[in-house]
Amino acid sequence: MEPKISEKAWNPELEKNILKQWEENKIYEFTPEENNFTIDTPPPYPSGRPWHIGAAAHYSQIDMIARTARMAGKNVYFPIGIDRNGLPVELYTEKKHKIRMRETERGEFLNLCRDALDDLEAEMILIMKNLGISGDFANYYRTDSEEYRTLTQSTFIKLWKKGEVYLANRPNNYDWVSGTTIADAEIIYDDLQTKLVYMKFKIKDTDQEIIIASTRPELLCACKTIIVNPEDERYSKYIGKKIIVPITNSEVELRTHHSAKEEFGSGAVMVCSYGDQNDVALFRELQLEEIVAIGLDGRMTDVAGEYAGLKPKQARTKIIEDLETAGFVEKIEDIVHRTPISERSKIPIEIIPMEEYYLKQKEKIGKMKEVGKEITFHPTMHKQILMNWLESINIDWPISRRRFYGTEIPIWYCKNCSEPHVPEPGKYYRPWNEKCPITNCTKCKSTEFIGEERTFDTWMDSSVSPLFISKFNRDDEFFKKVYPVSIRPQAKDIVRTWLYYTLLRCDELTGEKPWSEAWVMGYGLDEKGMKMSKSKGNAIDPLPVIEKLGADTFRFWSASEINHGYDFRCNEQKIESTKKFLSKLWNVSRFLSSFPVIDSGIPNASDKWILSELDKLVKECKKGYEEYNFFIPAIAIREFTWNVFAAHYIEMVKARAYGIDFSDEERDGAIFTLHKTLATILKLLAPITPFITEHLWKILYSNESIHQQKQVSVENIEEQTDITKEISEFNSKVWNEKKSQNLSLKDSIKIEIPKILEPFKKDLKSMHNLLD
RNA sequence: GGGCUCAUAGUCUAGCUCGGUUAUGACGUCGCCCUUACACGGCGAAGAUCCGGUGUUCAAAUCACCGUGGGCCCA
C-alpha cells in the first residue's frame, strides 16, 4: 500500500494552514459552565524590539497548560491581554520622537505612546499567534482600555473609602531644573570633578575628634547619624558615643553599618537626608527622622540656617569656607565622583521627600502568609520567594507616580481648602483633563477644583487581572462562575510584585484568593548563562527563529530544554537540532501511513512488550502533565519514540507488518499495535507540539481535531523493563557483529538468541535475517 | 552592599530526600555505513578530578560547614 504521506520531512510551512483551520473552526472557544479552568495569563508588556526569546518560550509553555487542561476534559478559559501602562513606553516614545514628556502637551504625548504601543503590540500578537497559542485573541484586552482603567480606578475608590489609602512623604529622585520627579530608569551616571572634604567632628564630653569625609558638606544640617564598618577597629571605641556636628552643633550617634567602607575617605560616613540612595536605605532601616534640607525649588530650606535660599552648589562653597575658618577642615581632596544625573536636564539629581499615596499592606502580611500557604506552587520551591518577601516587607506600598502614561488617580482637590474628592466608582476618570464630577466642595462649598495629575504604579493595574478577566463588577453571573480562577502562570522575577500584589488586592476586594495554583517559570539567559540585553548585543529575536524553524520546533525545544522553574539558556543551534525529532516522528508516521488503520488485532509477545512500554510512558507523561511540567513528558516521549519504538520495535515487526512469511493474524497484530502506539504518542505530544500532531492525526486517524480529544489514560499493564534492556542489548550485539564482519545489515548471520528473548524469536529472526 | 536561589562532559539532564555498581540519557563533536519510514537517518567512539576546600564515615556527586561563580529581586 502506498503511504498516505509522501514528503520526507515535516515542513513548518504547513503550520500556517493548520492555524487557519483552528481559527475558522473556533475550536478553542469558551462559554462559562460550572467546571471552568481559567488561566490568569500574564499580559506581556510591549517595551521595544525585539521581544525576548525567553518570553516566547514562556508563552509557549503557558499554552501547553491550556492544551493539557483541555485534553483533561476541562472547560478552558484562556484570555489574552496586553499590558500597556507604565514608564517603558514613555521612554521609548521620547527616544523615538526625540521629545520630552513634560515639554509635550499631555494629550498629544499620550497619543504618541498609544501609537508606539500599537506597533509593538502587533508584533507580539503575531508571534503569539504563530506560536500556536490557543488563547482568546478575538477578545484580547488592554490594560490601558477604558474598561480596564475603570476597574483599576473603581477598586482604588473602594479602598480609599475603606481608609486603606493614605498620604505620606517619600524620598523621590528630583530634577529641580525641569521641576519633576524622575524614575530610576531616567537617571544616568557621570563622573564629575568634586571636592571630598575631610571634616573634624568632636566627640561629646571628650577632647577627641574623628574625621569624616563627604562630598556634600552642605547637608550637615540634615545629618542624623555617623556610621562606621563593624570590622573597622579604628572606631570600635567610639561606637554608641555622641558626636557633635560642626556648624550646626547638633548631636548624633555613631553606629556600625556594613555599608560603610573602611577604605573610602576616613572610613566614617555621615548619613544625611538625602545625599544618595544609600542614605535613603539607611534612614528607612535605622528609622531616622528625615530633615528636608533642599526644597522643590532646588534651594536650601530654612533648616540650613544661614545657607537657606542658596543652591546646594553655592551652599557647599560657602560652608567649606566657613568650616575652614572655624578650623573644622583637616584636608580637601579633588576627586572624580560617579554622580547620578537627570537624563533630561543633565544636572545632578537631588533626593527630596515628597508626598505620595500609599496603600496599606504591612498589617496584611499575616493574612497574606495564610493565603500563600493555601496556594499550590509549581514548582514547590518557588513559594519560598513569596514567603521570603512577606518576611521582608517593611513599608506600605507607594502607589502614585508622577508620570503620564498610566491609569489616572481619580481625585480632585478643592481649590479653596485642598479637600480631596474621590468620585463614584464605575466610570473612567481623567482628572487632569476633566471637570470634577461634583459641583460643590463637601467641606467648604467652593466650586473650583484641581484635578490630580499623577497616575498609579502599574502594578495597581496588573494586580487586578484575575478580576478583570472574570468580569468583576461587569457581569455578576460570569464572575460567579469564573472567580476564583484556576491558575496563575508567570515568571519568577515578578513573584514579589505581580504575584504578591495580586494576592493582596484580590483578597482586599473579594475576601477570596485569586487562584488556587501558581505556576512559576525561570528566566531565559544567553548561551553562556548571562542575562540577555540589547546593550550587550546577546539578545535573540524570536520572530526569525520561529519563522525559519516553525512553532513546533521552538515549542518542543522549550519543553525539552527547560527544566520547569529553573533558568534556561537559549541557543539557536540547539533549537534547530530539536527539529530532528519532529522529522523522526514524521517519518515514523509516514511509514505507518502505508498500513491500514484496523480496530483490533491479537498482539504477540513483541506487541505486548511495546504496549507495556507505551503504558509506562503514558504513566510518566501523566505525572508531568499533572504538575504542568512539560520537561518530563517531552523527554520521555522523545526517548520512547526514538530509542524504543522506532529503533527496536518497528525494526522487529517490519517484516510482519508487510506480511512477509507471517500469517494474516500475526500481521494484523503488528499493524494494530503500530497504530495504537503512534496514536497514543500523538495525543501525548499534542499539548507540546500542536501543529505536527494535528496534521498527522488528521491524515491518519480522524477528521476531528486532536485538540478536542481526551488524553489517553493509564491501563496499568505490568512493566517489562528487563525485556527492553535485553532486546536493545541483543540488537546492539547483532549490529556490532555484522559491522565487525563487514556484513551489510540485510546479510544473514548466525547468532544465538538468549533464552529470555525466546518469545520474540520469530520477529528477531526476520529483523536480523538470523540463521538457525 | 543585602536577601533568595542554583551549580553533574561544550550544552541540557538522571541520580542527591534515605551515603555503597563502571555516574543515566539526549544534543553537539569525531569515525564508519545509503540497510525499500527517515542521511533532518543508522551503528560506534571519545568526552565529567560530579564548582573549590574542609569535616563526618569503612565508604561522599549524595550528609555538614566554609568559600567561589551565575541568576533573580531589593538597595
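That block above? That's the structure.
Structural notes, computed from the coordinates. (Residues numbered from 1 in each chain as written. Chains lettered and ligands numbered in written order. Predicted model: local features only at pLDDT ≥ 70, side-chain atom pairs only at ≥ 80, totals over all residues. Heavy atoms only, no water.)

### Looking at the packing of aromatic side chains
In this structure the tally under the stated criterion is 34 aromatic pairs. Arranged with centres 5.9 Å apart and planes meeting at 65°, the rings of Trp160 and Tyr357 form a pair that is edge-to-face. With Trp160 in helix α5 (residues 146-161) and Tyr357 in strand β14 (residues 350-359), this pair connects stretches of sequence that are 197 residues apart. Take Tyr357: its relative accessible area is 1%, and that puts it in the buried class. Among the aromatic residues, those joined into a cluster by ring pairs are Phe156, Trp160, Tyr357 and Phe456. Positioned above the aromatic ring of Trp498 is the side chain of Arg488, whose terminal nitrogen or guanidinium carbon lies 3.1 Å from the ring centre. (Phe/Tyr/Trp six-rings, centres within 6.5 Å; stacked < 30°, edge-to-face > 60°. Helix = DSSP H or I, 4+ residues; strand = E, 2+ residues; numbered from the N terminus. Buried < 20%, exposed > 50% of the residue type's maximum accessible area, 1.4 Å probe, protein only. Lys NZ or Arg CZ within 6 Å of the ring centre and 35° of its normal.)

### Re the protein's contact with RNA strand B
Around RNA strand B, the structure places 45 residues, and the nearest of them are Lys531, Asp567, Lys574, Ser583 and Tyr658. The share of sugar and phosphate among atoms of RNA strand B within 4 Å of the protein is 74%. Within the contact set of RNA strand B, a phosphate oxygen lies 2.8 Å away from a side-chain nitrogen or oxygen of Lys580. The separation between a phosphate oxygen of RNA strand B and a polar side-chain atom of Trp642 is 2.7 Å. At the level of secondary structure, the elements contributing two or more residues to the surface near RNA strand B comprise α6 (277-285), α16 (572-592), α18 (631-658) and α21 (721-740). Ranked by residue count, the leading element in the surface near RNA strand B is α16, at 11 residues. Split by residue class, the surface near RNA strand B holds 15 nonpolar, 12 polar and 18 charged. (Near = heavy atom within 4 Å. Polar contact = N/O pair within 3.5 Å; in protein donor to acceptor, adjacent residues only side chain to side chain. Nonpolar A, V, L, I, M, F, W, Y, C, P; charged D, E, K, R; others polar.)

### As for α5
With 16 residues, α5 ought to run about 22 Å at 1.5 Å a step, and its terminal C-alpha atoms sit 22 Å apart, in line with that. Listed as buried for α5 are Tyr148, Arg149, Thr150, Leu151, Thr152, Gln153, Ser154, Thr155, Phe156, Ile157 and Leu159. Of the residues trailing α5, Gly163 is marked for its positive phi of about 80°. (Expected span 1.5 Å × (residues − 1).)

### Digging into the sheet that holds strand β5 (residues 165-175)
Ordered by their spatial adjacency, 4 strands build an open sheet running β6-β5-β14-β16, and the pairing between neighbours is antiparallel. Because the sheet does not close on itself, it has two edges, and the strands there are β6 (180-181) and β16 (397-398). (Pairing = 2+ DSSP bridges.)

### Points about the side chain of Ser214
Mapped onto the elements of the fold, Ser214 is located in strand β8 (residues 209-214). Those residues in contact with Ser214, other than ones at most four positions away along the chain, are Lys195, Leu196, Val197, Met199 and Met270. (Contact = heavy atoms within 4.5 Å.)

### Remarks on the pairing of β14
Within β14, 9 of the 10 residues are buried, which leaves it mostly tucked inside the rest of the structure. As judged from the 10 bridges shared by β5 and β14, these two strands associate in the antiparallel manner. Opposite Tyr174, over in β14, you have Glu350 as the bridge partner. Bridge count between β14 and β16: 2 bridges; the pairing is antiparallel. When the sheet's bridge partners are listed, Tyr358 is paired in β16 with Pro398.

### Here we look at unusual backbone geometry
Trans is the prevailing form of peptide bonds, just as negative phi is the prevailing case for residues other than glycine. Look at the link from Ser273 to Tyr274: it is a cis peptide, with omega at -15°. Summarising the element assignment, Tyr274 is placed in the loop between β12 (268-272) and α6. His378 connects to Pro379 through a cis peptide bond whose omega is -10°. Of note, Pro379 is situated in the loop between β15 (376-378) and α9 (383-392). If you check the backbone angles, Asp205 has positive phi at about 60° while not being a glycine. In this fold, Asp205 is placed in the loop between β7 (187-203) and β8. Residue classification places Asp205 among the exposed residues on the basis of a relative accessible area of 75%. Phi at Asn769 is positive, roughly 55°, even though this residue is not glycine.

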